Number of protein chains: 2
Amino acid sequence: MKHVTIKDVAKKLNCSVSTISRAFNDKYDIRKETRDHILSIAKEMGYSPNPMAKSLLKQCSNQIGVVVPEFINAFFPEVIIGIQEVFIKKGYQVLIMQSNESHITELENIKTLENNMVDGMIISLSLETKNVDYYKDLIKQGFPLVFFNRVSNELETSKVLFDDYKWAFFATEHLIYQGYKKIFHLGGPAGLVISQNRKNGFIDALRKHKISFDESSIIETGFMISDGERVMEKLIVENNLPEAIFAVNDPSAIGAMKMLKKHGYKIPEDVALLGFTESKLAELIDPPLTSVAQPTKEIGRTAAKLLLEQIETKGIFVPQTVILNGRLNVRESSMKLK
Amino acid sequence: MKHVTIKDVAKKLNCSVSTISRAFNDKYDIRKETRDHILSIAKEMGYSPNPMAKSLLKQCSNQIGVVVPEFINAFFPEVIIGIQEVFIKKGYQVLIMQSNESHITELENIKTLENNMVDGMIISLSLETKNVDYYKDLIKQGFPLVFFNRVSNELETSKVLFDDYKWAFFATEHLIYQGYKKIFHLGGPAGLVISQNRKNGFIDALRKHKISFDESSIIETGFMISDGERVMEKLIVENNLPEAIFAVNDPSAIGAMKMLKKHGYKIPEDVALLGFTESKLAELIDPPLTSVAQPTKEIGRTAAKLLLEQIETKGIFVPQTVILNGRLNVRESSMKLK
DNA sequence: AACGTTTCCGAAAACGTTTCCGGAGAATTA
DNA sequence: TAATTCTCCGGAAACGTTTTCGGAAACGTT
C-alpha cells in the first residue's frame, strides 16, 4: 500500500526533490548524466510521479470524462470506443461513468469527474434530465464540454448530432414508397430532442405524400425491447394494427417484432417494421430489420476532436455543431412482398 | 474555471480553515450554530470540498475502479451494472476503463486508477495479458483487488467465477442426449482459463458418453461474430460439417449460424448450434439459440461485495473464490427434430 | 584579477484539504 | 478562591508534486 514518493527517491540519491522533479519533467536545467542516473534509480525503486498531486498543483489532469445514460444497447459503447481512439493517442486517459438514465446519478457523475479535475467532458444526457443549470454554470466558467446524441437546446456548446429529422423522413418515405398507407410511429421518450426530431420527420414525410394520420398513429413507447413489446401487445389486443411501423430505435422495433411473432403475425406481410440506430441485432434477427445506421464510432471520434480543440485553445473558441451522415439499410422487414 | 476553496470561505467568514473543515466533517468540537452558519454560507458560495486534496491527504478516494477488456458484447456492461448497484449505495463512485483487449492499455488503465487512488479495483483480464507481475506487486502491497471471468491462476485474490467446466459439460451432454454424434467445439482464445475450462467440459462429456472425437473436432475460434463466420466458412469449404456445434460463446455461435444460413444450410436440421454466456441475441435470432445463461448482474454484485469486504477489513482477510450458478436455456437451435 | 555568464542544483512556496496540538475562556469541582 | 475539566477554535504540519527564486561553482572575457 505504501507508494514510493519523490522524497524517497531524493533521500536515496542524496539530492533535493526538485532535482528529481526536473529529471522527470525533462527540464533544461539539469545535467544529462544526473537525469539519466536519477531516472534509472527511480525506475528501479518503482517510482512514478503521483498525477493526483500534480493535478492538484496544475489544476488539470490529462484525463477526460465521459458520461452516458446506459450501455445496455450497443450505441453508447461504440461511441466510447471512438472517443478513446482519439484520446489515447494524445496521452489522455478516459474515465467513463454511467448515469443509468438518472438525473441525480448523472449530476453526481459530473461532480466526481469535475473533482477528479478532468480537463473536459463528453456527455449524453439522461432521460430524466430537464434542468441543465449545472451545465450552464460549467460552461460559463469555461469548462470544456461536448454533448452528443442526447443534447439540450439550452446549452451553447459543441455538439455532435445525427440528422434525426432527415433520416426519419427518409425512413418513412421508404415505407410509403413500398406502398404502405396506414403507418404508425413508436416514439421515444417525449422529453428528448431526438425523439421529437424523429417524430417530426415521420409526420412531415406523411404530410408530403398526403398520407392521412391522426394522433393515435404516434405512440410514445421508449427505447427498450420491453417498451416495444408492451405497446405492440396493446395494439394487438385493441385489434388496431397498422400496415407498417417506424420505430424510434431498433430495440423498440424488435420488441414489437417479438410480440407480433408471438401472436402469429407475419413480418412484413401483416405488419412491416423499420428501426433506427442500427445495431448488430438488425441483421441477425428474423426477418432482418430495416434500419437507419448511425456512424457510432465516428460520432465518438468527432466529439473527441471537438473537445480536444476546445481544451487546447483554452478560451478562444466557438461552439460548433457537427451533424454526421447515416444510411438506410433496407432489409426484409420493411419490404412489400407481392 | 476558478473553484471556490476552503480558504475563500474562511476569509469570508473571518475564521480559520480548520473550523470550516470541522463544519463539513461533522466533528464533535464545533458549536452547532457555528457549523450551521458555516454550512449555509458555504452552500451559498457554491463551495464543496475538493476530494482530490482529500484523497491526497487520506490516501484513499471513495472511488473504485473497474477494468474490462471490451464492452461490445453485452456481458461486461451487465456485470458493471451489478457492480454499480452495490457501490453507489455505499457512497462510492465507480470509474470504468476499457482495455480494448490490449495488455498495454490494461496496464495503463490500472496505473491511472491507482494514481487516482481508487480504494480497490475489479478487473477482468485482457486477451493479451500473460504477465501478471504488476498485479502480484499490487496484491503484495495489500491493494484490494477482485477478479472475475478472465482471471489468472497465478494470483491469490478474491475471484468471482462461473463453473465453465460444469456448464460446458452439461451443454455438451444436452447435444449428446439429442442424439448427435459428430460434435465440434468452437473454442475461445487458447490462453484464457475460461476457454480451457469450457473445452475440457466439452471433452469430458464426450468421453463420458464414449463419443469419438479427435483434435480436429476442436477449433480455436474466438469471441466475436466474425470469428464464428470465419471458422464456419472454412468448415463449409472443406465440406467437413458436424451434426452439432458447441460454441464457446453466443457471438461465435451466431457467426457460425449466419454463415450456415448464407450457404443454405438449415439449423438445427443440418447443423445444431449451442452457445454460451447467453445474450439478448439468443432468443431474438432465428432460430432461437440454445445457450448457457450466466448471472451477469449477480457476478457484478458479488465481485463488488467481495471488494467492499476487503476494503473495509483492511488486511485481515482471506481471498475467496465464489462460483455462481447458471442455467441451460434450451431453444430451437439445438433440438433434434423428428 | 575582476567581472559577467552559464550551468546546475537546493530551498521554499503553492495546490486544497484534514488533523494534531495547544490555548483561551467558560463551566464545574474542591 | 483556586484548581480542574470542558468546549470551542486557531495554527501548523502533512499529503506528493512543480516551479520560482536564488546561489554556488565553473567558465569565458576584458
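Note that the structure is predicted; figures quoted are calculated from it, not measured. (Residues numbered from 1 in each chain as written. Chains lettered and ligands numbered in written order. Predicted model: local features only at pLDDT ≥ 70, side-chain atom pairs only at ≥ 80, totals over all residues. Heavy atoms only, no water.)

Trainee: What should I look at first to understand the overall build of chain A in this one?
Mentor: Looking only at helices and strands, one finds 13 helices and 12 strands in chain A. Its C-alpha radius of gyration of 26 Å places chain A more than 25% over the 20 Å reference for a compact globule of 338 residues. With respect to the three principal axes, the spread of C-alpha positions in chain A is 85 × 35 × 30 Å. Buried residues in chain A amount to 55% of all 338 residues. Pairs at least 24 apart in sequence give 73% of the contacts found in chain A among residues at least 6 apart. When the accessible surface of chain A is totalled, it reaches about 15200 Å², and 52% of it is carbon and sulfur. Charge-centre separation for chain A: the mean point of 43 positive side chains lies 5 Å from the mean point of 41 negative side chains. (Helix = DSSP H or I, 4+ residues; strand = E, 2+ residues; numbered from the N terminus. Rg over C-alpha atoms; globule rule 2.2 N^0.38 Å. Buried < 20%, exposed > 50% of the residue type's maximum accessible area, 1.4 Å probe, protein only. Contact = heavy atoms within 4.5 Å. Areas by Shrake-Rupley, 256 points an atom, 1.4 Å probe, with all protein chains shown as cover. Lys, Arg positive; Asp, Glu negative; His and termini not counted. Charge placed at Lys NZ, Arg CZ, Asp CG, Glu CD.)

Trainee: How should the relation of the copies chain A and chain B be read in this particular structure?
Mentor: The operation relating the pair of chain copies consists of a rotation about an axis and a translation along that axis. Mapping chain A onto chain B calls for a rotation angle of 180° and an axial translation of 0.1 Å; the resulting RMSD is 0.1 Å. Such values leave the two copies arranged in the relation of a two-fold axis. Residue Ile-285 of chain A of chain A places its C-alpha closer to the rotation axis than any other residue of that unit, at 2.3 Å. Residue by residue, 98% of the interface of chain A is reproduced at the interface of chain B, so both copies engage with the same surface. (Least-squares fit on C-alpha atoms with pLDDT ≥ 70 in both.)

Trainee: Looking at this model, I keep getting lost on the nonpolar core. Mind explaining?
Mentor: Note on soluble globular proteins: their nonpolar side chains tend to be buried together. Of all hydrophobic cores here, the largest spans 52 residues; its most connected members are Ile-64, Phe-87 and Ile-122 of chain A together with Ile-64, Phe-87 and Ile-122 of chain B. Setting aside residues up to four positions removed in sequence, Phe-87 of chain B forms contacts with Ile-64, Tyr-92, Val-94, Ile-122, Ala-304, Leu-307 and Leu-308 of chain B. Counting 50 residues, the second largest nonpolar core, distinct from the first, contains Leu-186, Ala-253, Ala-256 and Met-257 of chain B. (Core = buried A, V, L, I, M, F, W, Y, C linked by side-chain atoms within 4.5 Å.)

Trainee: What should I look at first to understand the protein's contact with DNA strand D in this one?
Mentor: Close to DNA strand D lie 28 residues; Ile-6, Ser-21 and Leu-57 of chain A together with Thr-19 and Arg-22 of chain B are nearest. Counting only the atoms of DNA strand D within 4 Å of the protein, the fraction contributed by sugar and phosphate is 61%. The separation between a phosphate oxygen of DNA strand D and a polar main-chain atom of Asn-50 of chain A is 3.1 Å. A distance of 2.7 Å separates a base nitrogen of DNA strand D from a polar atom in the side chain of Arg-22 of chain B. Counting only elements with at least two residues in the surface near DNA strand D, the list comes to α1 (6–13), α2 (17–25) and α4 (51–58) of chain A together with α2 (17–25) and α4 (51–58) of chain B. (Near = heavy atom within 4 Å. Polar contact = N/O pair within 3.5 Å; in protein donor to acceptor, adjacent residues only side chain to side chain.)

Trainee: Is there a simple way to think about the domain arrangement of chain A in this case?
Mentor: The parts lose accessible area when they come together, and the size of an interface is often stated as this lost area. Along its sequence, chain A is carved into domain 1 (6–49), domain 2 (58–162 + 296–326) and domain 3 (164–294 + 328–334). Just the C-alpha atoms count here: the centres of domain 1 of chain A and domain 3 of chain A sit 64 Å apart. (Domains from an automatic or database assignment.)

Trainee: When you look at the sheet that holds strand β7 (residues 218–220) of chain A in this model, what are you seeing that I'm missing?
Mentor: Where strands meet in a sheet, backbone hydrogen bonds hold them as pairs that are either parallel or antiparallel. All names here are of chain A. Read from one edge of the open sheet, six strands run β7-β6-β8-β9-β10-β12, paired in mixed fashion. At either margin of the open sheet sits one strand with a lone partner, and together these are β7 and β12 (327–329). Along the sheet, successive strands turn relative to each other by an average axial angle of 20°, direction set aside. Pairing of strand β10 (residues 290–293) with β12, which is carried by three bridges, proceeds in the antiparallel orientation. The residue bridging Ser-291 from the neighbouring strand is Asn-329, located in β12. Along the sheet, helix α11 (residues 250–262) makes contact with β6 (183–187), β8 (244–247), β9 (272–276) and β10, crossing β9 at roughly 155°. (Pairing = 2+ DSSP bridges. Axes fitted to C-alpha atoms, helices over the stretch in contact; angles between N-to-C directions.)

Trainee: Could you clarify how one ought to interpret the interface of chain A and chain B in this entry?
Mentor: Contacts between chain A and chain B engage 47 residues on the former and 46 residues on the latter. Buried area between chain A and chain B, both sides added, is near 4500 Å², and the carbon and sulfur share of it is 61%. The interface formed by chain A and chain B contains two salt bridges. On inspection of chain A and its partner chain B, the count reaches five residue pairs in polar contact (both at pLDDT 80 or more). Counting only elements with at least two residues in the side of chain A that touches chain B, the list comes to α4, α5 (75–89), β2 (93–98), α6 (103–115), α11 and α12 (280–284) of chain A. Looking at the side of chain A that touches chain B, its residues break down into 23 nonpolar, 16 polar and eight charged. (Buried area = accessible area lost by both parts, 1.4 Å probe. Salt bridge = Lys/Arg side-chain N within 4 Å of Asp/Glu carboxyl O. Nonpolar A, V, L, I, M, F, W, Y, C, P; charged D, E, K, R; others polar.)

Trainee: Looking at this model, I keep getting lost on the sheet that holds strand β10 (residues 290–293) of chain B. Mind explaining?
Mentor: All names here are of chain B. Spatially, the six strands line up as an open sheet ordered β7-β6-β8-β9-β10-β12, and their pairing is mixed. On the outer flanks of this sheet lie β7 (218–220) and β12 (327–329), each paired with one strand and no other. Between one strand and the next, the sheet's axes are offset by a mean angle of 20°, whatever the strand orientation. Sheet topology note: the strand β6 (residues 183–187)/strand β8 (residues 244–247) ladder contains four bridges and is parallel. Looking at the pairing, Ile-183 lines up with Ala-244 of β8. Against the sheet, helix α10 (residues 225–237) makes contact with β6, β7 and β8, and its axis sits at roughly 135° relative to β7, the strand it touches most.

Trainee: Would you mind showing me how to read the side chain of Glu-106 of chain A here?
Mentor: All names here are of chain A. In this structure, Glu-106 sits in helix α6. The buried charged residue Glu-106 lacks any salt bridge, with Arg-150 as its nearest oppositely charged partner at 7.1 Å. In contact with Glu-106, other than residues within four places in its own chain, are Val-67, Ser-99, Ser-124, Leu-125, Ser-126, Thr-129 and Tyr-135.

Trainee: Any chance you could explain a nonpolar patch on the surface here in plain terms?
Mentor: Residues and elements named next belong to chain A. Residues Val-330, Met-335 and Leu-337 make up a contiguous nonpolar surface patch of roughly 240 Å² in combined accessible area. On the secondary structure map, Val-330 appears in the segment after β12. Among the residues examined, Val-330 registers a relative accessible area of 41% and is labelled partly exposed. (Patch = residues over 30% accessible without salt bridge, like charges linked within 9 Å, V, L, I, M, F, W, Y side chains within 5 Å.)

Trainee: Would you mind showing me how to read the pattern of salt bridges here?
Mentor: As a working rule, side chains carrying opposite charge can pair if their charged atoms are close by. According to the stated counting rule, one finds 32 salt bridges over all chains in the structure shown. Glu-33 of chain A is paired through a salt bridge with Arg-31 of chain A; the nearest N and O atoms lie 3.6 Å apart. The exposure class of Glu-33 of chain A is exposed, given its relative accessible area of 54%. Here Arg-35 of chain B makes a salt bridge to Asp-26 of chain B, at a shortest N to O gap of 2.8 Å. Each of the salt bridges in this network shares a partner with another, and the network as a whole consists of Asp-26, Arg-35 and Asp-36 of chain A.

Trainee: I'm lost on the pairing of strand β5 (residues 158–162) of chain A in this one. Help?
Mentor: On any regular strand, side chains alternate: one points to one face of the sheet, the next to the other face. All names here are of chain A. Along β5, five of the five residues are buried, which leaves the element largely enclosed by surrounding structure. Every second residue of β5 is oriented toward a common face, with Ser-158, Val-160 and Phe-162 on one face and Lys-159 and Leu-161 on the other, all of them buried. Two strands pair when backbone bridges link them, and strand β4 (residues 145–148) and β5 are joined in this way by three bridges, in the parallel orientation. Each residue of the ladder has a partner; that of Val-146, found in β5, is Ser-158. Judged from the four bridges that link them, β5 and strand β11 (residues 321–324) form a sheet pairing that is parallel. The partner of Leu-161 across the bridge, within β11, is Ile-323.

Trainee: Help me understand unusual backbone geometry, please; the structure alone is not making it clear to me.
Mentor: With glycine set apart, most residues show a phi of negative sign, and most peptide bonds adopt trans. Residue and element names in this part refer to chain A. Note that the residue after Ile-267, namely Pro-268, is joined by a cis bond; omega there is 5°. Inspection of the secondary structure assignment puts Pro-268 in the loop between α11 and β9. A cis amide bond links Asp-286 to the next residue, Pro-287, at an omega of -5°. Along the chain, Pro-287 falls in the loop between α12 and β10. Positive phi is not limited to glycine here, since Asn-239 has a value of about 55°. Looking at the element boundaries, Asn-239 is found in the loop between α10 (225–237) and β8.

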